[in-house]
Amino acid sequence: MKSRGPVRPRVPTTALSLLILLWAGAWAPAAWAEPLRFRIVPEQSELTVHATSRLMDADGTFGRFSGEVTVDPQDLTTAKVNVTVDAASIDTGIGRRDRHLRSEDFFHVERFPTVTFESVRVEGAGRRVIVVGRLTLRGVTREMIVPVEVSIAGGRLEARGSLDIRRSDHAITYRSFMNPIGEMVRIVFTFRAVAP
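None of the values given here were measured: they were computed from a predicted structure. (Residues numbered from 1 in each chain as written. Predicted model: local features only at pLDDT ≥ 70, side-chain atom pairs only at ≥ 80, totals over all residues. Heavy atoms only, no water.)

A few points about the overall build of the protein
Next up, step 1: The helix and strand inventory of the protein stands at two helices and eleven strands.
Next up, step 2: Across the 196 residues that make up the protein, the buried fraction comes to 32%.
Next up, step 3: Within the structure as shown, the protein displays about 13,200 Å² of accessible surface, and the carbon and sulfur contribution to it stands at 56%. (Helix = DSSP H or I, 4+ residues; strand = E, 2+ residues; numbered from the N terminus. Buried < 20%, exposed > 50% of the residue type's maximum accessible area, 1.4 Å probe, protein only. Areas by Shrake-Rupley, 256 points an atom, 1.4 Å probe, with all protein chains shown as cover.)

Things to note about the environment of Arg121
Next up, step 1: Examined against the element boundaries, Arg121 turns out to sit in strand β7 (residues 114–125).
Next up, step 2: For Arg121, a relative accessible area of 39% gives the class partly exposed.
Next up, step 3: On a C-alpha basis, the gap between Arg121 and Ile145 in space is 9.9 Å, while along the polypeptide they are 24 residues apart.
Next up, step 4: The contacts of Arg121, once residues within four sequence positions are left out, are Ile130, Val131 and Val132.
Next up, step 5: Reaching out from Arg121, the side chain makes a polar contact with the side chain of Glu123 at a distance of 2.8 Å. (Contact = heavy atoms within 4.5 Å. Polar contact = N/O pair within 3.5 Å; in protein donor to acceptor, adjacent residues only side chain to side chain.)

Considerations on the side chain of Ser119
Next up, step 1: Note that Ser119 resides in strand β7.
Next up, step 2: Overall, the relative accessible area of 13% leaves Ser119 in the buried class.
Next up, step 3: Those residues in contact with Ser119 that sit more than four places away from it in its chain are Ala79, Lys80, Val81, Val131, Val132 and Gly133.

Here we look at the pattern of salt bridges
Next up, step 1: For the structure on display, the rule yields ten salt bridges.
Next up, step 2: For the salt bridge of Asp86 with Arg64, the shortest nitrogen-to-oxygen distance reads 2.7 Å. You can see Asp86 sitting in strand β5 (residues 75–86) and its partner Arg64 sitting in the loop between β3 (58–62) and β4 (65–72), a full 22 residues away along the chain.
Next up, step 3: Residue Arg64 is classed as partly exposed on the basis of its relative accessible area, which comes to 46%.
Next up, step 4: In this structure, Asp164 engages Arg186 in a salt bridge whose closest nitrogen and oxygen atoms are separated by 2.8 Å. Of this pair, Asp164 sits in strand β10 (residues 156–166) while Arg186 sits in strand β11 (residues 181–194); the two residues are 22 residues apart in sequence, bridging distant segments of the chain.
Next up, step 5: Residue classification places Asp164 among the partly exposed residues on the basis of a relative accessible area of 37%.
Next up, step 6: Judged by relative accessible area, which is 38%, Arg186 ranks as partly exposed. (Salt bridge = Lys/Arg side-chain N within 4 Å of Asp/Glu carboxyl O.)

Digging into the nonpolar core
Next up, step 1: In this structure, Leu47, Phe107, Val148 and Leu157 are the most contacted members of the largest nonpolar core, which totals 42 residues.
Next up, step 2: In this structure Phe107 touches Phe62, Ala87, Ile90, Leu101, Arg102, Phe112, Leu137 and Arg138, once residues within four positions along its chain are discounted. (Core = buried A, V, L, I, M, F, W, Y, C linked by side-chain atoms within 4.5 Å.)

With respect to the packing of aromatic side chains
Next up, step 1: Enumeration according to the criterion identifies four aromatic pairs in this entry.
Next up, step 2: With a centroid separation of 5.9 Å and an interplanar angle of 75 degrees, the aromatic rings of Phe62 and Phe107 are classed as edge-to-face. Note that Phe62 is positioned in strand β3 and Phe107 in the loop between α2 (95–102) and β7, a separation of 45 residues in sequence.
Next up, step 3: Both rings, one in Phe189 and one in Phe191, keep their centres 5.1 Å apart while their planes meet at 20 degrees; by these two values the pair is stacked. Of the two residues examined, Phe189 and Phe191, each falls in the buried class.
Next up, step 4: Each member of the aromatic cluster is reached from another via a ring pair, and the members are Phe65, Phe189 and Phe191. (Phe/Tyr/Trp six-rings, centres within 6.5 Å; stacked < 30°, edge-to-face > 60°.)

Quick word on the pairing of strand β1 (residues 36–40)
Next up, step 1: As judged from the four bridges shared by β1 and β4, these two strands associate in the antiparallel manner. In the strand pairing of β4, Leu36 is matched with Val71.
Next up, step 2: Bridging between β1 and β11 involves two bridges; their strand directions are antiparallel. Bridging across to β11, Arg39 finds its partner in Val194. (Pairing = 2+ DSSP bridges.)

Regarding the confidence of the model for the protein
Next up, step 1: On average, residues of the protein score 87 in pLDDT, and 83% of them reach the 70 mark or higher.
Next up, step 2: Counting contacts from residues 15–31, a segment whose pLDDT is below 50, to residues more than four positions away or on other chains yields one contact. (pLDDT = per-residue confidence, 0-100.)

Set out below in structure tokens:
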């Protein structure tokens, strides 16, 4: 009589199927989370500008702006950012200077009422990322690289950062012999946004 060799225990079909599913799940890529859309709350946010000159530096704020961020909170590189600023809302605390900034010499708000930023891509990991986007100011669009620190928790998003803009890159070429103005202007922002 021939030996059949060792007898292997039969694994029930349902158990075998479960093992296959568990094994496949262990190697499957993580599922993408549903992106969230955050709306910037201007009353809780800040957008400031700092410009230099020989006689008196100018520090101002923009009082009217809006924007949205759509992002998977688990992967900030998925973020899409859009911000629109009302150029006429510039306020440096000096009325005469503000009117000059709204004129053709600077923002020319009658022809170019808004300043916009639209992201192209986001790079990096963790809370500190690089947002690459298109800034349109006075009708001229330039690609900008903006370092941003981001936190998302409890349906709220906060983004902090700054960027330096060269005035002449956006056709702002006003010159003053008595009070020369610096070429570089710094923009600093803290955007706080909520998910609807």
